[in-house]
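If you want the building blocks of each chain, they are given just below.
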Amino acid sequence: MKPPAPHRRWALAIATALALVVGGLTIPVTRAAEAAPVGAGSYTTTPVGALPSGCGAMASNPRQFATANAPAGPIPTNDWWSSLLWKRTDCSFSEPLHAHPISYDTFTDGLGFSANSTPTISGTATGVGEYHYPYVQDIRVGVAGLGAPQVRVDGWTDWTVSPHWSDGTRTMRATIGHGLPFAYFQTTGGDAVIGTAGTPDVWSASGATIGFRVNGHDYVAYAPSGASWTVAGGRISSTLAGRGYFSVALLPPTSSATERADLAATYGRYAHAHVTGTQVSYAYNPATSGLTTTYAFTTTAREGSATQTVVSLYPHQWKSLSGSTAITPTYPSARGRMKVLTGVNQFRTAMTFQGVLPELPAVGDGSGSDLATLNSQLTATRANPMDQRGNDTYWTGKGLGRAARIAEIADQVNDTTTRDSALNAIRGTLTDWFTASSGKTSRVFYYDNNWGTLIGYPASYGSDQELNDHHFHYGYFIAAAATLAKFDPTWATASRYGGMVDLLIRDANNYQRGDTRFPYLRDFDIYAGHDWASGHGSFGSGNNQESSSEGMNFANALIQWGQVTGNTAVRDAGVFLYTTQAAAIQEYWFDSSDQNFPAAFGHSTVGMVWGDGGAYATWFSGEPEMIQGINLLPVTGGHLYLGNNPAYVRTNYAELVRNNGGQPTVWQDILWQFQALGDPDAALANLRANPGYTPEEGESRAHTFHWIRNLAALGSVDTTVTGNHPLSAVFSRNGARTYVASNPTAAPITVTFSNGTRLTVAAGRTATTGAYTWSGGNASGGVPPTTPPTTAPPTTAPPTTAPPTTAPPTTAPPTTAPPTTAPPTTAPPTTGGPTRYLLPGGGLGAAGSAATTTVAAANGNHDGTPTNAQVFTATGLNLAYSGGQTAFDLFVDAGTAVGNGVQVRISYDLTGNGSWERVETLRYFATDPVPGYERYTQSTGLASATGTLGTLSNGTVRVEIWSAIGNNPSTVGIGNQSVVRLPYS
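Here the structure is a predicted model, which means the values were calculated and not measured. (Residues numbered from 1 in each chain as written. Predicted model: local features only at pLDDT ≥ 70, side-chain atom pairs only at ≥ 80, totals over all residues. Heavy atoms only, no water.)

A few words on the environment of Glu934. Note on placement: Glu934 falls in strand E51 (residues 934-937). Exposure remark for Glu934: the relative accessible area of 0% places this residue in the buried category. Placed 102 residues apart in sequence, Glu934 and Gly832 show a C-alpha to C-alpha distance of 27 Å. (Helix = DSSP H or I, 4+ residues; strand = E, 2+ residues; numbered from the N terminus. Buried < 20%, exposed > 50% of the residue type's maximum accessible area, 1.4 Å probe, protein only.)

Now the structure itself:
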């Protein structure tokens with residue numbers, strides 16, 4: 001049996017710049033960069049900060065939990081099954097794997113199944129709340145006597161994975177995947193065994209097939225012909241007639257025994273056509289603005305001649321199904337009803353790409369007093385167009401996004417001074433980040449060959465150690481590069497900095513299967529239709545994603561970059577990601593058709609999607625403005641999909657007002673811009689009535705005014721008409737349409753819309769026709785390239801292989817925390833060795849009896865600042881320093897609370913004189929909403945460290961534990977549970 005495994009969520013982290021290797025613990029080290037050139041740019045091949053980490057030798061060997069049969073090349077990350085391969089705290093087995101319609105878990109003796117038909121719901125309809133279809137085991141499938149010490153990964157394809165067990169005598173290989181009602185098995189060394197939760201209700205037993213019900217769920221096991229199944233209590237077994245393969249299927253809920261028997265027979269026709277491969281392909285047709293996606297299955301016939309299979313489709317798939325008809329009944333799932341296709345080896349969806357814009361046209365603020373207002377606001381940005389709030393990849397990206405919006409708007413109203421100021425800021429920042437000169441350790445990208453990833457330093461929110469959020473961070477860089485490329489095409493060429501942009505694209509979502517430097521579509525879950533934010537996905541609730549809109553920012557960036565540089569492969573990949581995810585967002589974040597969320601959930605949107613459900617919450621705030629706003633920012637011309645259903649926009653905004661007890665008081669600009677997609681007049685009234693609002697960190701007053709004022713003129717997005725050019729859109733107000741298209745190239749184009757309307761767009765301009773006829777902006781008048789950096793060009797040759805060419809806040813929590821100090825704690829002098837336990841009463845000494853203590857809720861952002869901390873102290877210590885950093889293993893649990901993060905600080909007073917010579921603050925540990933202890937260890941990484949360690953002579957050690965984020969208390973196990981190991985002897 002697998003021991004109870006902690007469900008560990010990825011920690012949101014501030015990047016660190018130090019590193020040592022101490023007893024297998026990797027702490028980042030600052031080292032001079034070794035540059036590998038990419039055109040005029042370069043990346044470093046020398047680590048300059050924290051690296052991905054996990055159990056054992058994960059940092060240096062991310063394939064340690066893969067078998068020799070696993071595909072070559074970089075391992076996939078950010079997937080629904082990533083905890084199988086990237087183990088975090090349980091170094092033997094995975095966390096639950098939510099494949100849908102089945103969830104799985106791995107154990108020493110086999111694979112567990114959970115049908116998850118009943119959701120658990122917590123919270124309120126007006127406050128933080130969540131729903132989950134948690135893993136609740138029905139059956140466990142294995143081999144008689146199997147006792148594997150760990151599970152490895154034997155293979156993977158686009159949406160399947162094959163875990164593998166071996167104890168030296170017995171082996172088992174399973175294949176599971178999204179949409180598959182079957183799990184397929186190959187075994188050696190013993191009988192196939194299915195253990196059930198209680199005595200199964202066997203409703204059919206005929207030779208090689210047995211149908212049974214457990215916990216109200218119907219399963220069918222299919223053994224090879226000539227074999228049979230034996231039932232003894234809660235154990236079903238088969239010799240498999242010595243042939244070593246079988247499959248187990250979950251049937252959809254049925255209304256009659258006859259229907260159930262018919263489904264079992266239908267599934268049985270394909271039971272031995274084991275799915276051994278899956279692959280997606282897509283085609284974008286600009287002439288029709290159509291996207292066709294093919295989901296293909298490869299099967300291997302273990303017996304018989306069947307080559308087809310049975311699959312179930314998510315709502316975003318079956319609502320766009322082309323050329324096939326799904327059958328009923330359906331499977332329940334965390335994403336809503338899944339419809340079934342039988343006897344297929346592929347299916348297709350047909351979706352419409354609605355188009356994107358670099359920016360809304362200035363039809364409403366291009367003249368008169370509104371132009372004067374806009375010009376004044378633009379002028380105010382000239383001195384600091386990026387208004388950057390941090391130096392890491394995320395906050396740099398936010399600043400780049402702000403400057404790009406300013407440049408686009410200023411160009412439209414011929415404010416060339418402001419435009420050029422913004423472009424210069426973008427150019428200087430990108431060129432700096434894209435240059436890894438000798439000795440440079442900050443504002444640089446590093447390629448890690450072990451993981452096949454490009455990491456920017458300073459990193460943030462786990463983008464280094466956990467490979468979180470690369471699509472969020474890099475999407476801003478790519479989008480800003482696309483704006484710059486329109487005005488400065490030379491900068492964007494492959495011989496200059498275009499190759500570095502392409503590396504960022506490939507890292508987050510490599511669009512070419514043949515490029516083995518990065519995994520294919522790292523951050524995008526192909527079958528689920530959306531991104532995942534966590535690199536390792538090691539949570540009881542599966543992987544998660546908060547800011548779907550920042551994922552769409554990445555997809556839009558690919559469309560813009562591909563179009564402006566003429567790279568249709570990048571453009572089409574962007575269209576695929578954008579169109580598919582836009583459909584998924586409407587279903588799983590917004591449930592705009594009111595069909596997918598559990599009826600008792602009570603919310604019309606979620607802030608976070610989990611593998612097993614969703615939450616009206618964020619990692620960093622319980623405020624409704626941020627819970628809803630995190631899926632609305634950044635606001636760009638690539639986010640018009642948010643307005644595809646104006647009625648839903650009004651529903652979403654009404655919930656915000658209801659839950660907030662009134663109009664928004666934070667992130668007002670983001671929320672008003674969203675409101676403008678459904679009710680632009682009301683949004684404009686809100687903006688005009690509140691001129692003193694505080695802009696969101698990535699926004700400017702100029703952009704907010706431009707967006708809302710122009711939607712008040714244009715009206716709502718009109719999805720009934722599309723253009724044959726990707727940078728086009730249609731709006732309608734009171735029945736009058738305005739057609740818009742943007743031309744970033746140096747020659748005029750003519751765009752034809754699906755109703756026959758034609759629009760000629762001059763080089764470098766955005767133009768409109770219909771209700772408004774307007775042409776503004778002049779990209780060809782952009783600023784010329786500035787002088788290249790004066791640093792010497794990189795001299796290090798690139799790797800012998802070709803150089804590399806996806807809150808959890810995506811937006812960081814507010815950075816201001818009230819100044820607080822930890823409450824003083826006096827503990828008696830202690831003796832003993834370096835291994836110390838947290839004790840009741842604030843002691844830090846030998847293990848006591850099991851107990852717990854409560855860490856108060858943060859109710860704000862206290863990252864790095866102990867606030868209402870629990871303090872544990874040891875005094876009178878006389879120990880010799882043995883080198884390294886403090887190690888610890890703290891048992892923490894937030895119950896079902898979402899968005900909590902516990903943080904620890906360890907301080908050393910070497911002589912007991914009241915002066916702290918060494919202070920180590922660890923990154924906070926973001927807990928999951930699954931009851932049960934998780935283990936917070938030093939592998940989370942240092943957030944900061946000051947001073948140096950030395951001999952303890954009558955010294956004091958203090959451990960402070962507090963909530964860095966979250967609106968709920970957490971529990972910490974003490975007595976004999978949470979341990980601190982001092983680096984002393």
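Having seen it, we continue.
Moving on, we come to the pairing of strand E54 (residues 970-974). For E54, a buried count of four out of five residues is recorded, marking the element as mostly surrounded by other parts of the structure. Both strand E45 (residues 851-855) and E54 contribute to a ladder of five bridges, which runs antiparallel. Looking at the pairing, Thr852 lines up with Gly973 of E54. In the sheet, strand E47 (residues 887-893) pairs with E54 via two bridges, with the strands oriented antiparallel. When the sheet's bridge partners are listed, Val892 is paired in E54 with Val972. (Pairing = 2+ DSSP bridges.)

Below, the discussion takes up the sheet that holds strand E15 (residues 192-196). Reading across the sheet, the seven strands line up as E5-E6-E7-E10-E15-E20-E19 and stay open at both edges, with antiparallel pairing between neighbours. In the strand order of this sheet, the two ends are held by strand E5 (97-98) and strand E19 (230-232), each with one partner. In this structure, E19 lies alongside strand E20 (residues 235-238), joined through three bridges in antiparallel fashion. Across the sheet, the residue bridging to Val231 is Ile236, located in E20.

Moving on, we come to the environment of Thr948. Relative to the helices and strands, Thr948 is located in the loop between strand E52 (942-947) and strand E53 (952-965). When its relative accessible area of 58% is taken as the criterion, Thr948 is described as exposed. In this structure, the C-alpha to C-alpha distance between Thr948 and Val904, residues 44 residues apart in sequence, is 18 Å. Not counting residues up to four positions away in its chain, the partners in contact with Thr948 are Leu910, Glu917 and Arg918. (Contact = heavy atoms within 4.5 Å.)

Here the focus is the state of the cysteines. Tallying each qualifying case throughout the model produces one disulfide. Covalent S-S linkage joins Cys55 and Cys91, the inter-sulfur distance amounting to 2.2 Å. Taking the torsion about the sulfur-sulfur bond, which here is approximately -85°, the covalent link between Cys55 and Cys91 counts as left-handed. In this pair, Cys55 is assigned in the loop between strand E4 (41-44) and helix H1 (82-85) and Cys91 in the loop between H1 and E5, connecting sequence segments 36 residues apart. (Disulfide = S-S within 2.5 Å.)

The next thing to look at is the sheet that holds strand E24 (residues 309-313). Within a sheet, adjacent strands bond to each other through the backbone by hydrogen bonds, running parallel or antiparallel. Strand order in the open sheet formed by three strands is E24-E27-E26, with antiparallel pairing between adjacent strands. Two strands bound the open sheet, and with one partner strand each, they are E24 and strand E26 (327-331). The mean angle between the axes of side-by-side strands here comes to 40°, regardless of whether they run parallel or antiparallel. Where E24 lies against strand E27 (residues 338-344), five bridges are found, and the strand directions are antiparallel. (Axes fitted to C-alpha atoms, helices over the stretch in contact; angles between N-to-C directions.)

The tally for this structure, following the rule as stated, stands at 53 aromatic pairs. Taking 4.8 Å as the distance between ring centres and 10° as the angle between the ring planes, the aromatic pair formed by Phe185 and Phe246 counts as stacked. Separated by 61 residues along the polypeptide, Phe185 in strand E14 (residues 182-188) and Phe246 in strand E21 (residues 245-250) bring together distant segments of the chain. Judged by relative accessible area, Phe246 falls into the buried class, the value being 0%. Their ring planes at 80° and their centres at 5.5 Å tell us that Trp672 and Tyr693 sit as a pair that is edge-to-face. (Phe/Tyr/Trp six-rings, centres within 6.5 Å; stacked < 30°, edge-to-face > 60°.)

Here we take up unusual backbone geometry. Cis geometry is adopted by the peptide bond preceding Pro329, which originates at Thr328 and carries an omega value of 5°. Looking at the element boundaries, Pro329 is found in strand E26. A cis geometry characterises the amide bond from Tyr457 onward to Pro458, with omega recorded as 0°. If you trace the backbone, Pro458 turns up in the loop between strand E30 (453-457) and helix H7 (470-487).

All told, the structure shown has 33 salt bridges when counted by the stated rule. For Asp218, the salt bridge is made with Arg213, and the minimal N-O distance between the two is 2.8 Å. On the accessibility criterion, Asp218 (4% relative accessible area) is buried. A relative accessible area of 31% places Arg213 in the partly exposed class. A salt bridge links Asp889 to Arg935, with the nearest nitrogen and oxygen atoms 2.4 Å apart. Highlighted residues: Asp889 in strand E47 and Arg935 in strand E51, separated in sequence by 46 residues. Take Arg935: its relative accessible area is 32%, and that puts it in the partly exposed class. Within the structure, one salt-bridge network assembled from shared partners comprises Asp502, Arg506, Asp515 and Arg517. (Salt bridge = Lys/Arg side-chain N within 4 Å of Asp/Glu carboxyl O.)

Let us now look at the confidence of the model for the protein chain. Across the protein chain, the average pLDDT comes to 90, with 91% of residues at or above 70. Predicted confidence is poor over residues 1-32, with pLDDT under 50, and the contacts of this stretch with residues over four places away or in other chains come to 138 contacts. (pLDDT = per-residue confidence, 0-100.)

Here we come to helix H12 (residues 646-660). The first and last C-alpha atoms of H12 sit 21 Å apart over 15 residues, in line with the 21 Å expected at 1.5 Å per residue. All of the buried residues in H12 are Pro646, Tyr648, Val649, Asn652, Tyr653, Glu655, Leu656 and Asn659. Along its buried surface, H12 packs onto strand E35 (613-616), helix H11 (624-629), helix H13 (668-675), helix H14 (680-689) and strand E36 (716-717). Gly661 occupies a position one or two residues after H12 and carries a positive phi of about 70°. (Expected span 1.5 Å × (residues − 1).)

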